[in-house]
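Structural description and commentary
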Amino acid sequence: MNRIQLIQEIFSKTDFTNYLEIGCQKGKSFLPIKAKNKTAVDPLFKIPIRRRLKWLIKWPSNRKNRYFQEESDNFFAKRKEYLRQLGHLDIVLVDGLHNFRTSLNDVLNSLNYLNPKGLILMHDCYPPNAAAAYPSEFFPSDEEIKNIEGWADEWCGDVWKSVVYLIRKYPDTLEVGVINTDYGLGFVMPKSAMKERDFRIDEKLFAEIDKLTYEDMMKDPKGTINLKEAGHAEKIISKITSGSK
Ligand SMILES: C[S@@+](CC[C@H](N)C(=O)[O-])C[C@H]1O[C@@H](n2cnc3c(N)ncnc32)[C@H](O)[C@@H]1O
């Protein structure tokens, strides 16, 4: 099951209405998802007009989509009123800039608005090899790529470190792990009523986790990122849907 199927299954089986996608690019996952209110954030949308039209015909509610062409940090800083009026976020897909700090900020900012029964998914949390896990602030430059052994044009970066951070920082508040499918789908779910409300980055813990390497994580993915087999997606779906609709 990939990210689109997992997200769609939950929207179909619940009364969830609000979807946020951080990092939308060509709209491959954003446009097919059927949800009442969809919001996309990306500093550079590249949605081909034909795809936009195709999905408008297939799923007319796409006409109501809101697109914010800006970086996610700006979006959360500037769009507080928009988010407040939405009421809550039911499902968030974090798939923007694939570095530790940005992906962590995207999750922490989303948590401030998350439905207590909702879900944050993070794409690219289990890179297939060290080249894909290359830690870099931005998509590696051509110059950098020349020196990355085994580069196959797949960049997951070190988003996986955000999973380590969330597991360590919020053991009583959040259920966090990675489903071994679709380059690793990180999941973040509030455990019960979310008591923790301080979602600023703990720089000491951040610096500690930032020292970890891909090889460190791969020695024990179960222990470091709570890696779950692909079938865990079904468990997440039933957990969320059993309390809804
Ligand atoms: C891997 S693509 C997203 C793919 C899309 N979610 C899908 O499943 O088809 C990553 C996107 O993140 C965007 N991005 C880069 N920096 C960002 C930022 N600071 N905030 C939000 N999006 C960002 C890029 O422009 C790019 O379009």
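Shown above is the structure to which this text applies.
What comes next concerns the included structure.

Definitions and limits used
Residues numbered from 1 in each chain as written. Predicted model: local features only at pLDDT ≥ 70, side-chain atom pairs only at ≥ 80, totals over all residues. Heavy atoms only, no water. Helix = DSSP H or I, 4+ residues; strand = E, 2+ residues; numbered from the N terminus. Rg over C-alpha atoms; globule rule 2.2 N^0.38 Å. Buried < 20%, exposed > 50% of the residue type's maximum accessible area, 1.4 Å probe, protein only. Contact = heavy atoms within 4.5 Å. Areas by Shrake-Rupley, 256 points an atom, 1.4 Å probe, with all protein chains shown as cover. Lys, Arg positive; Asp, Glu negative; His and termini not counted. Charge placed at Lys NZ, Arg CZ, Asp CG, Glu CD. Pairing = 2+ DSSP bridges. Axes fitted to C-alpha atoms, helices over the stretch in contact; angles between N-to-C directions. Polar contact = N/O pair within 3.5 Å; in protein donor to acceptor, adjacent residues only side chain to side chain. Near = heavy atom within 4 Å. Nonpolar A, V, L, I, M, F, W, Y, C, P; charged D, E, K, R; others polar.

Secondary structure summary: the chain contains 11 helices and eight strands in total. For the chain, whose C-alpha radius of gyration is 17 Å, the value lies close to the compact-globule estimate of 18 Å for 245 residues. The buried share among the 245 residues of the chain stands at 51%. Partitioning the intrachain contacts of the chain with sequence separation of at least 6 by distance along the chain shows that 70% fall at a separation of at least 24. With an accessible surface of roughly 12200 Å², the chain has 50% of that area assigned to carbon and sulfur atoms. Side chains of the chain give 38 positive and 34 negative charges; the mean places of these two sets differ by 9 Å.

Another point: the sheet that holds strand E3 (residues 66-68). If you trace the eight strands from one edge of the open sheet to the other, you get E3-E2-E1-E4-E5-E7-E6-E8, paired in mixed fashion. Looking along the sheet, the strands with just one partner apiece sit at the ends: E3 and strand E8 (227-228). Where strand E2 (residues 37-41) lies against E3, three bridges are found, and the strand directions are parallel. Residue valine 41 lies in a different strand from E3, and its bridge partner there is phenylalanine 68. Across the sheet, helix H5 (residues 100-111) is in contact with strand E1 (18-22), strand E4 (89-94), strand E5 (114-122), strand E6 (174-179) and strand E7 (185-190); its angle to E5 comes to roughly 165 degrees.

This brings us to the side chain of glutamate 70. As for its position among the elements, glutamate 70 is in the loop between E3 and helix H3 (72-78). With a relative accessible area of 7%, glutamate 70 lands in the buried category. In terms of polar contacts, glutamate 70 uses its side chain to reach the side chain of arginine 79, at 2.9 Å.

The subject of this paragraph is the site of the ligand. Neighbouring residues of the ligand: 16 residues in total, closest Arg3, Gly23, Ser29, Asp42 and Asp95. Within the side chain of glutamate 21, one N or O atom sits 3.1 Å away from a nitrogen atom of the ligand. A distance of 3.5 Å is found between an oxygen atom of the ligand and a backbone nitrogen or oxygen belonging to glutamine 25. Burial of the ligand by the protein amounts to 84% of the accessible area it has alone, namely 610 Å². Residue composition of the shell around the ligand, grouped by class: four nonpolar, six polar and six charged.

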